[in-house]
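# A structural walkthrough
As a plain string of letters, each chain reads:
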Amino acid sequence: MKQIRIFTDGSSRGNPGPSGWGVVVLYPSGKINEYGGRADVATNNQMELTACLEALRAVEMKPEETDEIVMHLDSAYVLGGVTGWVYSWEKNGWKTSTGEPVQNQELWKAIAALIFRLKMKYTLVWEKVKGHVGVFGNERVDAIATAYADGTVPLLYSGSKEKYEKLYNNSLENMEHVALPDRKSPPKSTKPAYSYVSMLGPMIEVHKTWDECESRVKGKSGAKYKKVFSKEEEEELIQEWTLMSLLGDK
């Protein structure tokens with residue numbers, strides 16, 4: 001099966017603040033294109049959406065014979081939207097289940113229209129990638145997005161897979177997998193907690209100690225909790241549980 005594989009990411013300094021987005025597109029012919037851009041003031045979610053939008057636009061504008069488009073991203077917000085929310089939002093006149101206007105709806109509308117057009121020609125697959133664990137494709141788009149957010153202009157690659165692999169001294173045969181052996185981490189059980197996250201009904205709270213977390217969830221039916229080991233993991237879990245809660249209301 002011929003695949004176009006795409007990695008996307010967004011970054012915001014301040015959320016909202018100076019921001020950037022990054023995209024890497026791998027075509028079945030072996031050609032690789034990188035894209036990126038900057039916004040003076042935007043949120044992280046807006047940049048995640050922009051990266052997704054620009055990636056799909058790039059594929060539509062520069063088509064190549066393929067059967068499937070595989071999108072790799074680390075944003076639970078975008079993933080939840082494209083695989084569930086967006087269809088309900090369209091039916092509801094771009095209102096949430098509580099009747100509020102959908103945030104970032106102009107970006108969502110543009111993405112929804114692109115998905116509709118592309119799905120008429122290709123199979124479109126969305127894959128969740130864990131961020132900041134050494135996944136080569138994710139690390140590269142993160143570097144592009146972060147550079148733009150920091151006010152620098154990174155060199156964006158366009159060329160063959162062979163030259164790209166030499167440039168970054170990395171094989172792209174399994175670009176979605178961990179390909180940076182120097183970044184291996186010890187097992188999580190040996191690391192101190194960054195925080196504890198609990199969810200009781202739709203309410204999510206962050207606790208600095210296990211005692212605080214335990215006192216909230218102990219004996220409570222349906223309560224969820226998890227130990228996390230970084231700010232990034234904390235934010236990702238909160239996004240994921242928020243999405244699960246909202247999707248469950250639909």
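Placed above this text is the structure.
Description of the structure in this document. Quick caveat, the model's predicted, so the values are computed rather than measured.

### Here's the deal with the nonpolar core
I6, L56, I69, M71, W108, I111 and W126 are the most contacted members of the largest nonpolar core, which has 40 residues in total. Contributing elements (two or more residues each) for this core: β1 (3-12), β2 (17-26), β3 (31-42), α1 (44-61), β4 (68-73), α2 (76-91), α3 (105-119) and β5 (123-128). Every residue in contact with I6, bar those within four places of it in the chain, is listed here: V23, V24, V25, A55, V59, I69, V70, M71 and H72. Counting residues in hydrophobic clusters, the runner-up holds 12 residues, among them V24, L26, V141 and I144.

### Let's talk about helix α6 (residues 210-217)
What α6 keeps buried is the set C213, R216 and V217. Each buried residue of α6 lies within a common arc of 85° when the element is viewed along its axis, so the set occupies one face. Of the exposed residues in α6, the ones pointing more than 90 degrees away from its buried face are D211 and S215. Buried residues in α6 make contact with β7 (195-200), β8 (203-207) and β9 (224-228). Directly beyond the C-terminal end of α6, a positive phi value near 80° is found at G219.

### Quick notes on the packing of aromatic side chains
By the definition in use, this model includes 10 aromatic pairs. For the pair W89 and W94, a centre-to-centre distance of 6.4 Å together with 40° between the ring planes defines the contact as tilted. Take W89 and W94: they sit in the same class, and that class is buried. Their ring planes at 55° and their centres at 5.4 Å tell us that W210 and Y225 sit as a pair that is tilted. Of this pair, W210 sits in helix α6 while Y225 sits in strand β9, and the two are 15 residues apart along the sequence. The exposure class assigned to W210 is partly exposed, which follows from its relative accessible area of 32%. An aromatic cluster is built from Y77, W85, W89, W94 and W108, whose rings are joined through pairwise contacts. Lying over the aromatic face of Y194, K208 brings its terminal NZ or CZ to 4.3 Å of the ring centre.

### A look at the side chain of D74
For D74, the position within the fold is in the loop between β4 and α2. Salt bridges are absent for the buried D74, whose nearest opposite-charge side chain, K128, sits at 6.4 Å. Separated by 3.0 Å, the side chains of D74 and N138 make a polar contact. The contacts of D74, once residues within four sequence positions are left out, are D9, E48, K128, V129, G131, N138 and E236.

What counts, and where the lines are drawn
- Residues numbered from 1 in each chain as written.
- Predicted model: local features only at pLDDT ≥ 70, side-chain atom pairs only at ≥ 80, totals over all residues.
- Heavy atoms only, no water.
- Core = buried A, V, L, I, M, F, W, Y, C linked by side-chain atoms within 4.5 Å.
- Buried < 20%, exposed > 50% of the residue type's maximum accessible area, 1.4 Å probe, protein only.
- Helix = DSSP H or I, 4+ residues; strand = E, 2+ residues; numbered from the N terminus.
- Contact = heavy atoms within 4.5 Å.
- Arc of directions from axis to C-beta.
- Phe/Tyr/Trp six-rings, centres within 6.5 Å; stacked < 30°, edge-to-face > 60°.
- Lys NZ or Arg CZ within 6 Å of the ring centre and 35° of its normal.
- Lys, Arg positive; Asp, Glu negative; His and termini not counted.
- Salt bridge = Lys/Arg side-chain N within 4 Å of Asp/Glu carboxyl O.
- Polar contact = N/O pair within 3.5 Å; in protein donor to acceptor, adjacent residues only side chain to side chain.

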